[in-house]
Amino acid sequence: MLDKEEEKRRFQIELEFVQCLSNPWYLNNLAQQQYFKDPAFINYLSYLQYWKEPEYAKFVVYPHALYFLDLLQQPHFREYISTSENTQEVHRMQYYHWQYLKNPPKTAVIEKE
């Protein structure tokens, strides 16, 4: 059984790792290093799903980390993120999401005649 200090350290390490998952280029690096082909690592990603529970999710600063954690459960996405072109596209979509989330586009007002 873990003592309080060990539990705190484990919490910090897992939180830091989960938050790293918000970076598409980090995901690409994991793919390039063949982590997504390791069944033990895939099981670890599955284990980390508990971070989506409200009592843990409140500590996650980058919500995209939880979105990508979900996507990483799918073999298709793990394969998709392994190429630079696809990673660039995911990064671009993430950037535009942030840009328009903070500054939604202005809609034209059409006056009725």
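A brief report on the enclosed structure follows. (Residues numbered from 1 in each chain as written. Predicted model: local features only at pLDDT ≥ 70, side-chain atom pairs only at ≥ 80, totals over all residues. Heavy atoms only, no water.)

With that out of the way, let us pick up the pattern of salt bridges. Taken as a whole, this structure holds two salt bridges when the rule is applied. Among the ionic pairs, R10 bridges to E14, the shortest N-O distance being 3.1 Å. Of the two residues, R10 and E14 are both situated in helix α1 (residues 4-20); the distance of four residues between them amounts to about one turn of the helix. Residue E14 is classed as buried on the basis of its relative accessible area, which comes to 4%. Residue K52 pairs with D70 through a salt bridge whose shortest N-O separation is 2.7 Å. Of this pair, K52 sits in the loop between α3 (39-47) and α4 (54-57) while D70 sits in helix α5 (residues 64-71), and the two are 18 residues apart along the sequence. With relative accessibility at 35%, the residue K52 sits in the partly exposed group. (Salt bridge = Lys/Arg side-chain N within 4 Å of Asp/Glu carboxyl O. Helix = DSSP H or I, 4+ residues; strand = E, 2+ residues; numbered from the N terminus. Buried < 20%, exposed > 50% of the residue type's maximum accessible area, 1.4 Å probe, protein only.)

For the coordinates displayed, the defined rule picks out 15 aromatic pairs. Between F17 and F41, the ring centres sit 6.1 Å apart and the planes meet at 85°, which makes this aromatic pair edge-to-face. Residue F17 is located in helix α1, and its partner F41 is located in helix α3; the two are separated by 24 residues in the primary sequence. Just as F17 is buried, F41 falls in that class too. Through pairs of rings, three or more aromatic residues link up here, namely F11, F17, Y26, Y35, F36, F41, Y44, Y47, Y50, W51, Y56 and F59. (Phe/Tyr/Trp six-rings, centres within 6.5 Å; stacked < 30°, edge-to-face > 60°.)

Counting 23 residues, the largest nonpolar core has L21, L27, F36 and L45 as its most contacted members. For this core, the secondary-structure elements that each account for two or more residues are α1, α2 (24-32), α3 and α5. When residues in this core are grouped by element, the largest group, five residues, is from α5. Not counting the four nearest positions on each side in its chain, L45 is found in contact with F17, L21, F36, L69, L72 and Q73. (Core = buried A, V, L, I, M, F, W, Y, C linked by side-chain atoms within 4.5 Å. Contact = heavy atoms within 4.5 Å.)

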